[in-house]
Amino acid sequence: MKIYLLNHNSINTGTYYRAQSMLKVLSERHEVTLITVSEKKYDLRIRSFFDSSGSKIILLPRIQYSKYFNGQILRFIITLYILLFNKVDALYVFAFSQPQIAYPSLIKKFISPKTKLIVDWDDLWGNGLGLSHNFFINKLFLLNETKFIKHFDHMTCASIFLKRYIQKINHKIIPTYIPNFSKNNNYKIIKNQINYENFTFTLLGNIYGNAFDYLNEIFIFLKNKIKISINIVGYTKDEFNKLFKTYDISQMNFYGRVTDPKLLKPIIDGTNFMLMPTENNKFERSRFPIKFIHYLNYNLPIMTNIYGEAARYLNKYKTGFVLSGQIVDDVNKIISIYNKKNYLELGKKNNEIFNQNFSDVVIKKKLFKIF
C-alpha cells in the first residue's frame, strides 16, 4: 500500500515527531512518504531524502513573513500537485484544520474516491489554538475540523478529550486513540551527578499561553525557602523575556533550543524534576505533549498541573507530582520531598507507564489494524 503522510510543522518541530513515529511503524509493511516543511525560515527549495527506514521525506518551502504565515499557499499548490500526480492508496493527514493540509486532501479524495482519507488530531485548533489567531482564522480552523468530517474514512486522536469531542461531532466515527509514542531508549540518569543541595527543575520545549504562570508562583515561594534552579531548554534568555515579561527569571538557566542528546545529557543528569506546565483550557486537555514521552524515558519524576493527558496517566499510576493548584500545599510538598531526598521514588513507575501505553510495540497493533 502507498501511504502519504501530510504534516504542517517544520521538520524536527511539534507534530513532525508524531508523524515521523507513525512513518517508522507503517514503513515496516507499506511504502510511505512524508510531506512536511523545511526547518529554515526562508527556503524556496523542494528537498527530499530517505530516512533510516527507507521512507521518503519531502521538505516543502517555507517563507516566514509573519509569526503565523510562512508560505502556506505555496505549499498548498505543491502538495496538491504531488498528490494528484502520484498513486495514493491512503492519505494520513495531521492538523486537518490547516487549509494547506485539508484542501489538497479533500480534492485528492474527491478526484480519487478509492484513496482512503485518515485524519489525525493531536491538537484542538478551532476554539483552541485558533484563539491566538484572529476571529476569521479561528472560524476557518473550526470549519475544517467539523464540516468535512463526514468525508473521512477513519480518524485517530492523541487524547481522550479529542476522542469524545470527535464522537460529539459525528457519532458514526469511532476514532482510534493513539497517544504519542517512541521506542524506549531507557535513558538512565547518572545519580552521582545529581546536586542534592540545589533542587533543579528542567523544562524542555515550548510553553503555550499562560501555562507557566502557576509554576512561576511556586518558584517565587520556593526560592526563599530552599536553593532552587530552573533549566529552560527551548528558549534563549532574550526569547523568554520577550514572551514572558512578568516571570521571575533570577533562578533560571537558559540553553536555547537543544536537540542533540549528548548536549541534553548533562542538563538532564543534574535534574530533580522534569516540568510539564499546562493550564485549564480545551487546548491543553486536547493535546498530548510529546515531551511527556521523552520525560518518561529519562526515568526522572515529572511535575505537571492537573489539566491534560500527562496528569491523567500520573494519577492513574500514582506517581510523579500532579500539582493540586493550592499554592501552600504544593510548596510544602515540594519542600518535604527536598528534605527527604526521596524524589527519585516518584519516577520509579515511568518505565511501567511507558511500556504499557507508549512503546511502538503497543501502537503497532493499532496502526496495522487501521491500514
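The rules behind each value
- Positions within a chain are numbered from 1, following the residues in the order the chain's sequence is written.
- pLDDT decides what is reported in this predicted model: residues at 70 or higher carry local features, side-chain atom pairs at 80 or more are listed and counted, and totals for whole chains, interfaces and linings draw on all residues regardless.
- To obtain the side-chain values, all non-hydrogen atoms of the structure were used and water was disregarded.
- Patch membership is restricted to residues that have no salt bridge and whose relative accessible area is over 30%. Joining uses 9 Å for like charges and 5 Å for the nonpolar side chains Val, Leu, Ile, Met, Phe, Trp and Tyr.
- What sets the accessible areas is the Shrake-Rupley method with a 1.4 Å probe; for residues, cover comes only from the shown protein chains.
- Salt bridge, as applied in this entry: a Lys or Arg side-chain nitrogen positioned within 4 Å of an Asp or Glu carboxyl oxygen.
- Whether a residue is buried, partly exposed or exposed follows from its accessible area with a 1.4 Å probe, protein chains only, as a fraction of its type maximum: under 20%, in between, or over 50%, in that order.
- Any Phe, Tyr or Trp ring, taking Trp's six-membered ring, that has another such ring centre within 6.5 Å forms a pair; planes under 30 degrees apart are called stacked, those over 60 apart edge-to-face, and the others tilted.
- By definition here, charges over rings are those cases where NZ of Lys or CZ of Arg is within 6 Å of the ring centre and within 35 degrees of the ring normal.
- The helix count covers DSSP runs of H or I at least four residues long, the strand count covers runs of E at least two residues long, and both are numbered beginning at the N terminus.
- In this scheme, strands are said to pair when DSSP sees at least two bridges between them.
- Here, nonpolar core refers to any group of buried Ala, Val, Leu, Ile, Met, Phe, Trp, Tyr and Cys residues whose side-chain atoms link them within 4.5 Å.
- In this description, contact between two residues means that some pair of their heavy atoms is separated by no more than 4.5 Å.
- pLDDT runs from 0 to 100 and stands for how confident the predictor is about each residue.

Q: Before we go on, may I ask you to explain a nonpolar patch on the surface in this structure?
A: A cluster of nonpolar side chains, Tyr81, Leu84, Phe85 and Ile111, forms an exposed patch at the surface whose accessible area comes to about 460 Å². Judged by relative accessible area, which is 59%, phenylalanine 85 ranks as exposed.

Q: Explain the packing of aromatic side chains here, please?
A: Working definition: an aromatic ring pair is given by the centre-to-centre distance plus the angle between the planes. This structure, assessed with the given rule, holds 33 aromatic pairs. Centre to centre, the rings of tyrosine 81 and phenylalanine 85 are 4.7 Å apart; their planes meet at 35°, and the pair counts as tilted. Both residues of the pair, tyrosine 81 and phenylalanine 85, count as exposed. Taken together, a centroid distance of 5.0 Å and an interplanar angle of 40° make the contact between tyrosine 92 and phenylalanine 94 tilted. Sitting above the plane of the phenylalanine 368 ring, arginine 29 keeps its charged end 3.9 Å from the centroid. The residue whose ring lies beneath arginine 312 is tyrosine 313, and the NZ or CZ to ring-centre distance is 4.7 Å.

Q: Please clarify how helix H11 (residues 309-316) should be interpreted in this entry.
A: Every α-helix winds through 3.6 residues per turn, so residues three or four apart in the chain are directed the same way. Residues of H11 that are buried include every one of Glu309, Ala310, Ala311, Tyr313 and Leu314, and no others. Count one or two residues on from H11 and you reach lysine 318, which has phi positive near 50°.

Q: Help me understand the sheet that holds strand E15 (residues 302-304) in this model?
A: Strand-to-strand pairing in sheets goes through backbone hydrogen bonds, with the strands running parallel or antiparallel. The six strands lie next to each other as E13-E12-E11-E14-E15-E16, forming an open sheet whose pairing is parallel. One side of each edge strand has no neighbouring strand; the edge strands of this open sheet are strand E13 (252-256) and strand E16 (321-322). Sheet analysis places strand E11 (residues 199-204) next to strand E14 (residues 273-276), joined by two bridges and oriented parallel. The residue bridging threonine 202 from the neighbouring strand is methionine 274, located in E14.

Q: How do you make sense of the pairing of strand E4 (residues 47-50) when you look at a structure like this?
A: Successive side chains on a regular strand alternate, one facing one side of the sheet and the next facing the other. Of the pairings in the sheet, the one linking E4 to strand E5 (residues 56-60) comprises four bridges and is antiparallel in character. Bridging from a neighbouring strand, serine 48 pairs with isoleucine 58 of E5. The turn joining E4 and E5, which pair antiparallel and follow one another in sequence, is formed by five residues; a positive phi near 90° is taken by glycine 54.

Q: Is there a simple way to explain the nonpolar core in this structure?
A: The nonpolar side chains of a soluble globular protein tend to be buried, and buried together. Among the nonpolar cores identified, the biggest contains 61 residues, and Phe199, Phe201, Phe212, Phe219, Leu222 and Phe292 are the most heavily contacted of them. Other than its neighbours up to four places away in sequence, phenylalanine 212 contacts Leu203, Ile207, Phe219, Ile232, Tyr247, Met252, Leu275 and Pro277. Core analysis: the next-biggest nonpolar cluster, separate from the first, contains 27 residues, Ile78, Val88, Ile166 and Ile173 among them.

Q: Explain the sheet that holds strand E2 (residues 31-37) to me, please; I cannot follow it from the model alone.
A: The eight strands are arranged E4-E5-E2-E1-E7-E8-E9-E10 in an open sheet whose pairing can be described as mixed. Each edge of the open sheet carries a strand with a single partner, namely E4 and strand E10 (176-177).

Q: Could you clarify how one ought to interpret the pairing of strand E7 (residues 90-94) in this entry?
A: Along E7, five of the five residues are buried, which leaves the element largely enclosed by surrounding structure. Burial of the side chains of E7 extends over both faces: Ala90, Tyr92 and Phe94 are buried on one face and Leu91 and Val93 on the other. In this structure, strand E1 (residues 2-10) lies alongside E7, joined through four bridges in parallel fashion. When the sheet's bridge partners are listed, isoleucine 3 is paired in E7 with alanine 90. The pairing of E7 with strand E8 (residues 116-121) spans five bridges and is parallel. Residue leucine 91 lies in a different strand from E8, and its bridge partner there is leucine 117.

Q: Looking at this structure, how should I read the confidence of the model for the protein?
A: Low pLDDT means the predicted coordinates in that region are not meant to be read closely. Of all residues in the protein, 96% have pLDDT values of 70 or greater, and the mean over the chain is 91. Ranking the elements of the protein by mean pLDDT puts helix H8 (residues 261-269) last with 87 and E7 first with 98.

Q: Looking at this structure, I do not really get helix H6 (residues 213-222). What am I missing?
A: Within H6 the residues assigned to the buried category are Tyr214, Leu215, Asn216, Ile218, Phe219 and Leu222. Where H6 is buried, its residues contact E11, strand E12 (228-233), E14, E15 and helix H12 (327-340).

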